[in-house]
Amino acid sequence: MNVQSDLDSRQVTVTVNGKQESLEVEGRTTLADMLRQEFHTQGVRVGCEHGVCGSCTILFDGEPMRACLLLAVQADGHEIKTIESMADGNKLHEIQEAFSEKHGLQCGFCTAGIILSVSELLERCPEPTDEQIYEILGGHLCRCTGYQQILQSVRLAADMLLEK
Amino acid sequence: MKPVAFKYLKPATVEEATAFLAEYGSEAKILAGGQSMMPMLSMRIARPSVLVDINEIAELTYIRAADDAVAIGSVTRQRRLGDDDLVAEQVPVLASALKCMSHPQIQNRGTVVGSICHGDPAAELPAVAIALGAELTACSQAGTRTIPVAEFYRGYYRNILEPDELVSEVNFPAMLPGCGWSVVEISRRHGDLALAGVASLVAFAGEEIDHVRIACFGLGKAAHRLVDAESLLKGQRTSSELFQEVASLVSSSVKPMDDSHASAEYRRALAAELTQRSLFEAIERAKQGAAS
Ligand SMILES: Cc1cc2nc3c(=O)[nH]c(=O)nc-3n(C[C@H](O)[C@H](O)[C@H](O)COP(=O)(O)OP(=O)(O)OC[C@H]3O[C@@H](n4cnc5c(N)ncnc54)[C@H](O)[C@@H]3O)c2cc1C
Ligand code: FES
Ligand code: FES
């Protein structure tokens, strides 16, 4: 049984971007806040804090989910990936290259979450139909691009990954 | 936008979870996928002093065949409805419901049972569960009981669960062979909660409608069956006059809400249109099924 005696904090062991760490967190801290404040992965954007905008999307055991709708304590024993895991040093990931090439971003607030959702889509489904791309993008709000360049970026990313 | 402080409990088994619920009663809230609960906590609409997180109860993650039914454990994520073979074969209407709902990023965490327990009047799964005649298994330290989803709701976001009860499973009866189905809705954007929606199941005996179930969402305090509309259809041959009669009956019998998203009057108009669309689609599928 796993009871927390103290209201305030609890020990968790989490793997973030391949690195395992143990730390104390308060029960009510969201995973998004823990990632930003304790792990300094500030690519986890916090927009609406209630699941609607998608900017805080991370990969939780490989699946895209809202970090603002998870508690930090729920990450105990799980593996988290943020946008910081994508590039290899100064070399951008193919999906990031494609977004840069096709102007899939302007202010960039929504971009980290979208790229993580897209990375899972392309892994599961290397040649997605437009409908499959729309389904994924539907979970993200972008106030800048009007989505067309994002769609083109995802198509290009799929081609680049297939050629790799 | 930060939750109040609470005591966080993470049971590993149903037995531990029901022990916690018995101990803390109405002070405690169950956390399943959190896709509705976390926003309520962050906005402080919910301020429980104890949170019982059921996500690590491994025994509650399953989709399995039961007697002429598909049983789904309460930690099973909504996303699985879209990729499970048993669901596709026995209750394909669930995969159609999923297509109307939210987004993959939400469905990866949100649970099937959590959506039914939450009971948003505009949610798809409660209506589909009612149309199918689904039942919930609720357990507490006192024992277990079975609750038909059709008898589960008591007004807006209210259900008949006792504070010490946990739903462990939902049981969806398999659809009849040759049964057509449909889930249709109108929402502002794809994936938003529906302004109104209708789910239907139709099976024929020869040219006549032999079995029909219609349930609506976004058209009252909770999802509910449209029994009078079903009676008009049962035993009949299909005709556009009949569908119009059914549609106007539905439109005048539902009691939709009037809110910032849509007026009650507009929702009534949607009810008539969506009833017809849903019946057409279900009948089309039933006929295709009979032909194949
Ligand atoms: C952006 C966004 C879009 C959405 N769009 C839709 C949509 O289009 N259609 C739709 O239907 N939903 C939608 N939702 C809601 C989503 O489907 C939720 O997942 C669902 O309503 C609740 O399921 P959950 O597992 O997340 O439950 P939680 O949020 O954890 O819990 C919800 C409620 O149910 C209770 N509960 C949960 N499980 C149990 C159990 N086993 N026993 C007893 N009580 C329990 C909890 O105590 C709580 O009161 C959306 C959510 C978001 C964030
Ligand atoms: S901040 Fe998490 S979805 Fe908007
Ligand atoms: S690039 Fe600005 S919100 Fe998407």
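Everything numeric in this text was worked out from a predicted model, so none of it was measured. (Residues numbered from 1 in each chain as written. Chains lettered and ligands numbered in written order. Predicted model: local features only at pLDDT ≥ 70, side-chain atom pairs only at ≥ 80, totals over all residues. Heavy atoms only, no water.)

(A) View of the pattern of salt bridges. Summed over the entire model, instances satisfying the criterion amount to 18 salt bridges over all chains. Arg124(A) is paired through a salt bridge with Glu120(A); the nearest N and O atoms lie 3.1 Å apart. Taken together, the positions of Arg124(A) and Glu120(A), both in helix 3 (residues 111-124) and four residues apart, correspond to about one turn of that helix. Sharing partners across several salt bridges, the network here consists of Asp33(A), Glu49(A) and Lys2(B). (Salt bridge = Lys/Arg side-chain N within 4 Å of Asp/Glu carboxyl O. Helix = DSSP H or I, 4+ residues; strand = E, 2+ residues; numbered from the N terminus.)

(B) Spotlight on the domain arrangement of chain B. When the domains of chain B are assigned, the result is domain 1 (7-53), domain 2 (60-173) and domain 3 (180-291). Each of domain 1 of chain B and domain 3 of chain B has a C-alpha centre, and the two are 36 Å apart. (Domains from an automatic or database assignment.)

(C) Quick look at the pairing of strand 9 (residues 180-186) of chain B. Residues and elements named next belong to chain B. Where burial is concerned, most of strand 9 is hidden: six out of the seven residues are buried. In the sheet, strand 9 pairs with strand 10 (residues 196-205) via seven bridges, with the strands oriented antiparallel. Along strand 10, the bridge assignment pairs Glu185 with Gly197. (Buried < 20%, exposed > 50% of the residue type's maximum accessible area, 1.4 Å probe, protein only. Pairing = 2+ DSSP bridges.)

(D) Highlighting the packing of aromatic side chains. Residue and element names in this part refer to chain B. Evaluated as defined, the whole model comprises two aromatic pairs over all chains. Centroid distance Phe152 to Tyr153: 5.2 Å. Interplanar angle 70°. Geometry classified as edge-to-face. Assigned by exposure class, Phe152 and Tyr153 land together as buried. Their ring planes at 80° and their centres at 5.0 Å tell us that Phe243 and Phe280 sit as a pair that is edge-to-face. With Phe243 in helix 9 (residues 240-253) and Phe280 in helix 10 (residues 264-291), this residue pair connects regions lying 37 residues apart in the sequence. (Phe/Tyr/Trp six-rings, centres within 6.5 Å; stacked < 30°, edge-to-face > 60°.)

(E) Structural detail: the packing of helix 4 (residues 93-100) of chain B against helix 7 (residues 124-132) of chain B. Residue and element names in this part refer to chain B. The interhelical angle for the contact between helix 4 and helix 7, taken along N-to-C directions, is 160°, at an axis separation of 10 Å. The orientation of helix 4 relative to helix 7 falls into the category roughly antiparallel. Judged by the sense of rotation from one axis to the other, the crossing of helix 4 with helix 7 is right-handed. Every residue of helix 7 that contacts helix 4 at Val93, Leu94, Ala97 and Cys100 is listed here: Glu124, Leu125, Val128 and Leu132. Considered class by class, the residues forming the contact of helix 4 with helix 7 number seven nonpolar, no polar and one charged. (Axes fitted to C-alpha atoms, helices over the stretch in contact; angles between N-to-C directions. Parallel < 35°, antiparallel > 145°, perpendicular 65-115°, else oblique. Left-handed = near helix turned anticlockwise from the far one by under 90°. Contact = heavy atoms within 4.5 Å. Nonpolar A, V, L, I, M, F, W, Y, C, P; charged D, E, K, R; others polar.)

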